[in-house]
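Residues per chain are reported as follows:
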Amino acid sequence: MSQHIILTTGTYDLIKDHVRRKKVTAQEEELLLSELKYATQVLRKNLPEDIVSIDRKVTYKDHITNEEKTILIVGPDKAKASKNKISVLSDEAIAMVGYKEGDIIEWPAKKGNLKLEILKVEE
């Protein structure tokens, strides 16, 4: 991924801590550390509207299963899969967070590689 992601400082710290606690695969760790190294950190109020972040509804297409899904990305303590509230630290969310509408992300998730296209981001 050559693009620079944009994260709120809180999300940046959450992901950094997640990596530090070895909750990701070695391949994911390498990618996340590289992304974090070049990430732009902004205050929540300065986060562009089309960036995937916590408390934003994201519609994406999974290019491997050819399915479209809409999820709300939430903090780890607010996740409820039955209500499509997905933790920012889940495979799909951690792959997309910081990216914007129109981006396609390929990600080496624990359950297999992901290829996700961000179709829409809403507040």
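See the structure above.
Numbering of residues begins from 1 in every chain and follows the order in which that chain's sequence is written. Only residues with pLDDT of at least 70 get local features here, since the model is predicted, and only at 80 or more are side-chain atom pairs given and counted; chain-wide, interface and lining totals rely on the full set of residues. The side-chain figures draw on all heavy atoms in the structure; neither hydrogens nor water molecules are used.

J.: What exactly am I supposed to notice about the overall build of the protein chain here?
T.: Here a strand is any run of E in DSSP of at least two residues, a helix any run of H or I of at least four, and the numbering for each starts at the N terminus. Helix and strand counts for the protein chain come out as three helices and seven strands. For 123 residues, the compact-globule estimate of 2.2 N^0.38 gives 14 Å, and the protein chain sits close to it at 13 Å. The dimensions of the protein chain, computed from C-alpha atoms along their principal axes, are 35 × 30 × 30 Å. Relative accessibility thresholds used throughout: buried, under 20% of the residue-type maximum; exposed, over 50%; partly exposed, between the two (1.4 Å probe, protein chains only). When each of the 123 residues of the protein chain is scored for burial, the buried share is 43%. Considering only residue pairs separated by 6 or more positions, the protein chain has 53% of its internal contacts joining residues 24 or more positions apart. Here, Shrake-Rupley sampling with a 1.4 Å probe gives the accessible areas, and only protein chains in the shown set may cover a residue. With the model as given, the accessible surface of the protein chain reaches about 6800 Å², and the carbon-plus-sulfur share is 47%. Charge assignment: positive for Lys and Arg, negative for Asp and Glu; neither His nor the chain ends contribute. Working definition for charges: the position is that of NZ of Lys, CZ of Arg, CG of Asp or CD of Glu. Of the charged side chains in the protein chain, 21 are positive and 21 negative; the average position of the first set lies 5 Å away from that of the second. Computation of the radius of gyration draws on C-alpha atoms alone. For the globule rule, the value is 2.2 Å times the number of residues to the power 0.38. Should any heavy atoms of two residues lie within 4.5 Å, those residues are considered in contact.

J.: What should I look at first to understand the sheet that holds strand E7 (residues 112-122) in this one?
T.: Either a parallel or an antiparallel arrangement is found when strands of a sheet pair, and the pairing is made through backbone hydrogen bonds. One open sheet holds the five strands; their spatial order is E5-E4-E3-E7-E6, and the pairing between them is mixed. Across the chains shown, the open sheet's two edge strands, defined by having one partner strand only, are strand E5 (85-87) and strand E6 (104-109). Neighbouring strand axes in the sheet, compared pairwise and without regard to direction, differ in orientation by 45° on average. Where strand E4 (residues 67-74) meets E5, three bridges bridge the pair, whose relative direction is parallel. Its bridge partner being in E5, Val74 is matched across the sheet by Ser87. Should DSSP find at least two bridges between two strands, the strands are regarded as paired. Here an axis means a line fitted to C-alpha atoms, over the contact stretch when the element is a helix, while the angle between two N-to-C directions is reported on a 0 to 180 degree scale.

J.: Got a minute to help me understand the side chain of Thr8 in this structure?
T.: The topology assignment puts Thr8 in strand E1 (residues 6-8). Among the polar contacts listed, one links the side chain of Thr8 to the side chain of Thr11, at a separation of 2.9 Å. Apart from the residues within four sequence positions on either side, Thr8 is in contact with Val42, Arg44, Leu47 and Ser53. For the purposes of these results, a polar contact is taken to be a pair of N or O atoms within 3.5 Å, where, inside protein, one atom must be able to donate a hydrogen and its partner to accept one; residues adjacent in sequence count only when each atom of the pair is a side-chain atom.

J.: For this particular structure, what's the right way to read the pattern of salt bridges?
T.: Pairing is possible between side chains that carry opposite charge, provided their charged atoms lie close to one another. The salt bridge definition used is simple: a Lys or Arg side-chain nitrogen within 4 Å of an Asp or Glu carboxyl oxygen. Summed over all chains, the structure comprises eight salt bridges. Ionic pairing is found between Glu29 and Lys22, a salt bridge with its closest N-O pair at 3.0 Å.

J.: Looking at this model, I keep getting lost on the environment of His18. Mind explaining?
T.: By the element assignment, His18 lies in helix H1 (residues 9-20). Linking His18 and Ser87, residues 69 residues apart in sequence, is a C-alpha distance of 12 Å.

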